[in-house]
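Okay, here's what each chain looks like letter by letter:
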Amino acid sequence: MAGELLARNLCLWIPVCFLLLVNVHFGTCFYLPGVAPEDFHKGDLLRVKVNKLSSTKTQLPYSYYSLPYCHPDHIVDSAENLGEVLRGDRIENSPYVFKMREPQMCNVVCRLTLDEKSAKEFKEKIDDEYRVNMILDNLPLVVPLRRPDHESSLVYLHGFLVGLKGQYAGNKEEKHFIHNHLTFIVKYHRDPVTETSRIVGFEVKPFSVKHEYEGEWDNNTRLTTCDPHAKMLVSGSEPPQEVEDKKEIIFTYDVEFQESNLKWASRWDSYLLMADDQIHWFSIINSLMIVLFLSGMVAMIMLRTLYRDISKYNQLETQEEAQEESGWKLVHGDVFRCPSNSDLLCVYVGTGVQFFGMILVTMIFAALGFLSPSNRGGLMTAMLLLWVLMGLCGGYSSVRLYKMFKGTEWKKIAIRTAFMFPAIAFSIFFVLNALIWGQKSSGAVPFGTMFALVFLWFGISVPLVFLGGHFGYKMPLAEDPVKTNKIARQIPEQPWYMNPIFSVLIGGILPFGAVFIELFFILTSIWLHQFYYIFGFLFIVFLILIVTCAEITIVLCYFQLCSEDYCWWWRSYLTSGSSALYLFLYAAFYFFTKLEITKPVSGVLYFGYMLLLSYGFFVVTGTIGFYSCFWFVKLIYSSVKID
């Protein structure tokens, strides 16, 4: 009895344990989002870290020092979590060192002379519009730009461009110019009592300046284009620095400190402000209202229709009336008949439960603020760990359904549940990673991280799936409300609109309609490198997706049973699962209309990852539809009297 009680509550323990782990991790923090604040006194060192070079045109990140930028004496890699490595982040120290509240002017970082190879590398990154990402006190570097439609509001672009392409006046030949002078603006909030300061903003204004000096270059050489002694600042009117072989480039920077009323707890608000916030809010509310209205209509129709049908069937008294009955009651002897390929259905249902648990718990923690963008890589790390832990629920669900189909080899189902989806995902991921590796990108997952992923799969996920399968097989099953006939009933010819392919494709439209607006913002976040932090709305949309998948599947299942077609098992899964097809088609539409990807490798990466995303969406929505229809069928056949 104790084992049965434990089995019923196993899946509920996982989110609780994960919450405890997160609380332990953040136990020393006063604020939930991000890390604890750090106080700086005047003159304290501020060390800028460099992150990857990123581009929305190639989607291939590179480490900062893959270009011949100025580097410190010893390059030190910062410790990165699993999510950061998978995202391609490579955080390292830099030669940019500030002192708190002590402005600096025209600091020379280094001087270098380009050769043919380095000039070509800079030109390629400029052509592909690569941006340089830096970090100070866990805040990413941003470039503030004024919105053309609202002069009073700002838009923050993450990182600054490596350089620009342009032409000299009177010359049609296009040249490449590098941003070699950076004006950093560090915003801080000062505590009047302790006189300590907290960093609340990190901005930059990049310039391309052809620095000049007199005489031979040495460590004491003073520039004529920017001189702190003469209070001469870079204004942007100087001739730009061209990128060519044998060209000399001098990298410099200024540091300004600006006091701000913005408190440390709210410093991420400006980063997370979306440029099209009004459209976003209006679209979300509009989508919610439409879907809620349709869901209410569907629920009302179903309740009225079912109430009438059940009342009519329960009032049948004579054998002649029973013989004249038609509709869903006629197939009561076949409705719980084991479907074809039942083993595969069990595996897909178990995988869907695993995915559903991962998404639900992740969204709850994200909505509570544990997985904010300030915790880089936290979202991806949490999803991976939850996927592994939810293997317990996946194994339990798949084996329990297999037992209902009178199966006896539950270990075979557990193995297939543990290996089918991860094997497909890992195979696609391995091929894509090989392509990234071939491009020498920092986005390629290192061997050590690959080994960690394999360990999570074989060392934790697989045993948990087997443990869940063991409990699922030991649990007693409730009897079906009706008995299954030994001889299968012949299915009459169906009307054209009840054709399986047609009804399945129709069924996926409404679930996709519930999420496609939010999907636009998610794709923009992923592929255009913007922050996404509307997890509260995303959670509401996810709940509406659940309701929509359930109701559209129940409606079409009801029509199918009324047509005396009892093969509902697979169709209930595919009806709501077909929304994944529309998701993939929308991803293709987004690729050709919103992105500027030109490299074939980048296109393969995009469609490879979107295929994985669509596959995951398929198993989640399919499982929601299946369990909804399963509950509905058991409910209606237990509500009528079967002679």
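Numbers given for residues are sequential positions, taken from 1 along each chain in its written order. Only residues with pLDDT of at least 70 get local features here, since the model is predicted, and only at 80 or more are side-chain atom pairs given and counted; chain-wide, interface and lining totals rely on the full set of residues. Remark: hydrogens and water are excluded; side-chain values derive from all non-hydrogen atoms of the structure.

The protein chain appears in an unreviewed UniProt entry as Transmembrane 9 superfamily member from Sphenostylis stenocarpa.

What follows is about the overall build of the protein chain. Note on conventions: DSSP H or I runs of at least 4 residues are helices, E runs of at least 2 residues are strands, and numbering of each starts at the N terminus. Across its full length, the protein chain carries 17 helices and 13 strands. Contacts were defined at the residue level, with two residues in contact if any of their heavy atoms lie within 4.5 Å. In the protein chain, 80% of the contacts between residues at least 6 apart in sequence involve partners at least 24 apart. Carbon and sulfur atoms make up 62% of the accessible area of the protein chain, which amounts to about 31,600 Å² in all. For the area figures, the Shrake-Rupley method with a 1.4 Å probe applies, and any residue is considered shielded solely by the protein chains shown.

Glancing now at the packing of helix α9 (residues 391-404) against helix α11 (residues 447-474). Angle between the axes and distance between the axes are the two parameters that describe a pair of packed helices. To get an axis, a line is fitted to the C-alpha atoms, and for a helix only the part in contact is used. The angle between two axes follows their N-to-C directions and goes from 0 to 180 degrees. Where α9 meets α11, the axes come as close as 6 Å, and the angle between the chain directions of the two elements is 35°. As for how α9 packs across α11, the hand of that crossing is right-handed. Touching G391, L392, G395, Y396, V399, R400 and K403 of α9 are L464, V465, L467, G468, G469, F471, G472, Y473 and K474, all from α11. Of the residues in the contact of α9 with α11, the class split is 8 nonpolar, 5 polar and 3 charged. Crossing chirality is assigned from the near helix's rotation relative to the far helix, an anticlockwise turn below a right angle marking it left-handed and a clockwise turn marking it right-handed. Polar here means any residue outside two lists: the nonpolar Ala, Val, Leu, Ile, Met, Phe, Trp, Tyr, Cys and Pro, and the charged Asp, Glu, Lys and Arg; Gly therefore counts as polar.

A separate point is a nonpolar patch on the surface. Nonpolar side chains (Val, Leu, Ile, Met, Phe, Trp, Tyr) within 5 Å and like charges within 9 Å form the patches, drawn only from residues with over 30% relative accessible area and no salt bridge. Here, a salt bridge means any side-chain nitrogen of Lys or Arg that lies within 4 Å of a carboxyl oxygen of Asp or Glu. On the surface, a cluster of nonpolar side chains totalling about 550 Å² of accessible area is made up of W496, Y497, F502, I506 and I509. Looking at the secondary structure, you find I509 in helix α13 (residues 509-527).

Let's shift gears to the packing of aromatic side chains. Ring pairs (aromatic) are described by centroid distance and by the angle formed between their planes. Two rings from Phe, Tyr or Trp (for Trp, the six-membered ring) form a pair when their centres sit within 6.5 Å of each other. Planes less than 30 degrees apart are called stacked, planes more than 60 degrees apart edge-to-face, and all others tilted. For the structure on display, the rule yields 56 aromatic pairs. A centroid spacing of 6.1 Å and a plane angle of 70° characterise the contact between F184 and Y253, whose relative ring orientation is edge-to-face. Linking F184 in strand β11 (residues 181-190) with Y253 in strand β13 (residues 248-259), this pair joins segments that are 69 residues apart in sequence. Taking 5.1 Å as the distance between ring centres and 65° as the angle between the ring planes, the aromatic pair formed by Y213 and W217 counts as edge-to-face. For a Lys NZ or an Arg CZ to count as sitting over a ring, it must be within 6 Å of the ring centre and within 35 degrees of the ring normal. Across from the ring centre of Y130, 5.5 Å away, lies the NZ or CZ of K125, which sits over that ring. Positioned above the aromatic ring of Y473 is the side chain of K403, whose terminal nitrogen or guanidinium carbon lies 5.5 Å from the ring centre.

Attention shifts here to the state of the cysteines. Cysteine sulfur atoms that come within 2.5 Å of each other are treated as a disulfide pair. Scanning all chains against the criterion turns up 2 disulfides. One disulfide bridge connects C70 with C110, the sulfur atoms lying 1.8 Å from each other. The S-S bond linking C70 to C110 shows a torsion near -70°; that makes this disulfide left-handed. Residue C70 is located in the loop between β1 (45-54) and α2 (82-87), and its partner C110 is located in strand β3 (residues 104-113); the two are separated by 40 residues in the primary sequence. Each residue's exposure class comes from its accessible area (1.4 Å probe, protein chains only) as a fraction of the maximum for that residue type: buried when under 20%, exposed when over 50%, partly exposed otherwise. For C70, a relative accessible area of 7% puts it in the buried group. Note that C106 is cross-linked by a disulfide to C226, the S-S spacing being 1.6 Å. In this structure, the disulfide formed by C106 and C226 twists by about 120° around the S-S bond and is classed as right-handed. Residue C106 is found in strand β3, and its partner C226 is found in the loop between β12 (197-207) and β13; the two are separated by 120 residues along the sequence.

Glancing now at the side chain of S461. When you line up the elements, S461 lands in helix α11. A relative accessible area of 3% means that S461 is categorised as buried. With residues up to four places along the chain from it excluded, the contact list for S461 reads Q354, V388 and L456.

For the structure shown, the criterion picks out 18 salt bridges. K52 is the partner of D89 in a salt bridge, and the nearest nitrogen-oxygen pair spans 3.1 Å. In this pair, D89 sits in the loop between α2 and β2 (92-99) while K52 sits in strand β1, placing the two residues 37 residues apart along the sequence. What makes D89 buried here is its relative accessible area of 0%.

Think of a nonpolar core as a cluster: buried Ala, Val, Leu, Ile, Met, Phe, Trp, Tyr and Cys residues, connected wherever their side-chain atoms sit within 4.5 Å. If you look at the biggest cluster of nonpolar residues, it comprises 101 residues, and the most contacted ones within it are L561, W568, W569, V633 and Y637. With 16 residues, the single largest contributor to this core is helix α17 (residues 600-637). Beyond its immediate chain neighbours, meaning those up to four positions away, W568 contacts V335, C557, Q560, L561, F626, C629, F630 and V633. L114, F184, V243 and F251 belong to the second largest nonpolar core, which has 54 residues in total.

One way to put it is that α13 packs onto α17 with a least axis distance of 13 Å and a crossing angle of 140°. By the angle between their axes, α13 is oblique relative to α17. Note that α13 runs across α17; the crossing there is right-handed. When α13 is examined against α17, the residues V515, L523 and W527 are found in contact with a partner set consisting of L605, Y606, Y609, M610 and F617. When its residues are assigned to classes, the contact of α13 with α17 shows 8 nonpolar, no polar and no charged. Working rule for angles: under 35 degrees goes down as roughly parallel, over 145 as roughly antiparallel, 65 to 115 as roughly perpendicular, anything else as oblique.

Another point: the pairing of β12. Successive side chains on a regular strand alternate, one facing one side of the sheet and the next facing the other. Counting buried positions along β12 gives 8 out of 11 residues, so the element sits mostly inside the fold. Strands are labelled as partners when DSSP assigns at least two bridges between them. Alignment of β11 against β12, held across 10 bridges, turns out to be antiparallel. Looking at β12, one finds that Y188 is bridged to I199. What sits between the antiparallel neighbours β11 and β12 is a turn of 6 residues, in which E195 has the positive phi angle 65°.

On to the side chain of D128. Of note, D128 is situated in the loop between α3 (116-127) and β4 (131-136). Setting aside residues up to four positions removed in sequence, D128 forms contacts with S55, K57, T58 and K599.

This part is about unusual backbone geometry. One non-glycine residue, C106, adopts positive backbone phi at about 50°. One non-glycine residue, D137, lies in positive phi territory at about 50°. With respect to the helices, strands and loops of the structure, D137 is situated in the loop between β4 and β5 (139-140). On the accessibility criterion, D137 (18% relative accessible area) is buried.

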